[in-house]
Amino acid sequence: MYRYYYTAKLSAIEKTNGGTIYLLPDILIKAFTLIPLVYLWRVVMSSGVEVGMTMSQMISYTYVSSLLSEMLVVKTAATGWLSEGTLLKLYGRPLSVLGQLSALTVGRWMPMLLLFSLPMTLLAPVFGISLIPSSVWFFPSLLLCISLGFAVDCFFACLSIKLRNMTWLIDRIRMAIIALFSGTVIPIRLLPFGLDQIMRFQPFAALGGSPLSIFVGTADVRSTILLQLAWNIVLWPLALLAFKKSQEGMVSYGG
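Residues numbered from 1 in each chain as written. Predicted model: local features only at pLDDT ≥ 70, side-chain atom pairs only at ≥ 80, totals over all residues. Heavy atoms only, no water.

1. What to know about the overall build of the chain
And step 1. Secondary structure assignment for the chain yields 11 helices and 0 strands.
And step 2. Secondary structure of the chain in N-to-C order comes out as α-α-α-α-α-α-α-α-α-α-α.
And step 3. Looking at the 255 residues of the chain, the share that counts as buried comes to 44%.
And step 4. Counting contacts in the chain only where the partners sit at least 6 residues apart, residues at least 24 apart contribute 78% of the total.
And step 5. Working note: accessible area of the chain is about 13600 Å², and carbon and sulfur atoms make up 70% of it. (Helix = DSSP H or I, 4+ residues; strand = E, 2+ residues; numbered from the N terminus. Buried < 20%, exposed > 50% of the residue type's maximum accessible area, 1.4 Å probe, protein only. Contact = heavy atoms within 4.5 Å. Areas by Shrake-Rupley, 256 points an atom, 1.4 Å probe, with all protein chains shown as cover.)

Right under this line is the structure:
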């Protein structure tokens, strides 16, 4: 485990190699997106619009979604295997490729968690936002979300390996699908025409939307956790099988 820890540490250091000042634009963009969005929801909810959530729930949902955005929708370096050669480099090390990818991804989360999420968490009371989860099951749900996120990312990586020169298109399709179906941008319970009852059973709903809904207390904890467990059990073996079948094409192409 020390080797994976050191891999994650090097990944975090690499993210700040040019100094933390180079992360400032990303931090400012996230902050200047989040704060107006919080006040927008205040205005909308104050006007008497019924969305099935209270104002405090909606604002907390949006706030936490921004703080944990990289964890709620996992994106590893695997989809950049062709342009960056990441996966090909990992095969030259005496460690599990997927283990290294996980460690690299977690390491890349650290700078933004420390420089953006932590300060914004401390500032939450200033904006009148509560960041106390309504249930302790939020934390297991978050872990299941991250686990499933790695499996989903593995599928998209395999697709990019299969299509090779269309990696950029796959990345954009992936962002659109997950933003729409995961509930991290718009809570699934807000979807009209009964779509919320249908969409909550698809695998993307077990990503960010599940822990966020448990956090604000709008989800049935038991059914949400069981659904996340079920999708992890179903998708992980398929993801590993797909990745194994994709390795030959990737290595032969790289060679």
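2. Re the environment of glycine 107
And step 1. Looking at the element boundaries, glycine 107 is found in helix H6 (residues 97–123).
And step 2. A residue is classified by how much of its surface remains accessible, and glycine 107, at 1% relative accessible area, is buried.
And step 3. When the C-alpha positions of glycine 107 and lysine 9 are compared, they lie 5.8 Å apart, and in sequence the two are 98 residues distant.

3. Section: the environment of glutamine 247
And step 1. The topology assignment puts glutamine 247 in helix H11 (residues 221–254).
And step 2. The spacing of glutamine 247 and cysteine 158 is 89 residues in sequence and 8.6 Å in space, taken between C-alpha atoms.

4. Digging into the packing of aromatic side chains
By convention here, two paired aromatic rings are described through the distance between centres and the angle between planes.
And step 1. For the structure shown, the criterion picks out 5 aromatic pairs.
And step 2. Each ring, one from tyrosine 63 and one from phenylalanine 127, has its centre 6.5 Å from the other, and the planes form 50 degrees; the classification is tilted. Here the residue tyrosine 63 occupies a position in helix H3 (residues 55–67), and phenylalanine 127 occupies one in the loop between H6 and helix H7 (138–163), the gap between them amounting to 64 residues.
And step 3. On the accessibility criterion, phenylalanine 127 (16% relative accessible area) is buried.
And step 4. Here the aromatic rings of phenylalanine 138 and phenylalanine 215 are separated by 5.0 Å at their centres, their planes lie at 75 degrees, and the arrangement is edge-to-face. Taken as a pair, phenylalanine 138 in helix H7 and phenylalanine 215 in helix H10 (residues 209–216) lie far apart in primary sequence, 77 residues in all.
And step 5. Of the residues examined, phenylalanine 138 reaches a relative accessible area of 4% and is grouped as buried. (Phe/Tyr/Trp six-rings, centres within 6.5 Å; stacked < 30°, edge-to-face > 60°.)

5. Topic: the nonpolar core
Side chains that are nonpolar tend, in soluble globular proteins, to be buried together.
And step 1. Membership of the largest hydrophobic core comes to 45 residues, with the highest contact counts inside it found for Tyr63, Leu68 and Phe116.
And step 2. Of all elements in the fold, only helix H2 (24–46), H3, helix H4 (69–72), H6, H7, helix H8 (167–181), H10 and H11 reach the threshold of two or more residues within this core.
And step 3. Beyond its immediate chain neighbours, meaning those up to four positions away, phenylalanine 116 contacts Ile27, Lys30, Ala31, Leu34, Ser66, Leu67 and Pro111.
And step 4. Listed in part, the 12 residues of the second largest apolar core include Ala77, Leu101, Cys158 and Phe243. (Core = buried A, V, L, I, M, F, W, Y, C linked by side-chain atoms within 4.5 Å.)

6. Section: H2
And step 1. For H2, spanning 23 residues, the distance from its first C-alpha to its last is 33 Å, which sits close to the expected 33 Å at 1.5 Å a residue.
And step 2. Those residues of H2 that fall on the buried side of the exposure criterion are Ile27, Ala31, Leu34, Val38, Trp41 and Met45.
And step 3. Lining the buried residues of H2 we find H3 and H6. (Expected span 1.5 Å × (residues − 1).)

7. A short note on the side chain of serine 182
And step 1. Inspection of the secondary structure puts serine 182 in the loop between H8 and helix H9 (195–199).
And step 2. Within polar-contact distance, the side chain of serine 182 engages the backbone oxygen of isoleucine 178 at 2.5 Å.
And step 3. Not counting chain neighbours up to four residues away, the residues in contact with serine 182 comprise Val73, Ile177, Ile188, Phe204, Ala205, Leu207, Gly208 and Gly209. (Polar contact = N/O pair within 3.5 Å; in protein donor to acceptor, adjacent residues only side chain to side chain.)

8. What about H3?
Along an α-helix, residues three or four positions apart point the same way, because every turn accommodates 3.6 residues.
And step 1. For H3, built from 13 residues, the straight-helix expectation of 18 Å at 1.5 Å per residue is met to within 8% by its first-to-last C-alpha distance of 18 Å.
And step 2. Counting buried positions over the 13 residues of H3 gives 11, a clear majority of the element.
And step 3. For H3, the secondary structure elements touched by its buried residues are H2, H4, H6 and H10.

9. Some words on the packing of helix H1 (residues 2–15) against H6
And step 1. Between H1 and H6, whose axes approach to 7 Å, the crossing angle comes to 45 degrees. With respect to H6, the axis of H1 lies oblique. As for the relative orientation of H1 and H6, their crossing is right-handed in sense. When H1 is examined against H6, the residues Tyr4, Thr7, Ala8, Ser11, Ala12 and Lys15 are found in contact with a partner set consisting of Gly99, Gln100, Ala103, Leu104, Gly107, Arg108, Met110 and Pro111.
And step 2. Split by residue class, the contact of H1 with H6 holds 7 nonpolar, 5 polar and 2 charged. (Axes fitted to C-alpha atoms, helices over the stretch in contact; angles between N-to-C directions. Parallel < 35°, antiparallel > 145°, perpendicular 65-115°, else oblique. Left-handed = near helix turned anticlockwise from the far one by under 90°. Nonpolar A, V, L, I, M, F, W, Y, C, P; charged D, E, K, R; others polar.)

10. Observations regarding the confidence of the model for the chain
And step 1. With 89% of its residues at a pLDDT of at least 70, the chain reaches an overall mean of 83.
And step 2. Helix H5 (residues 86–90) is the least confidently modelled element of the chain, averaging 69 in pLDDT, while H10 averages 92, the highest of any element. (pLDDT = per-residue confidence, 0-100.)

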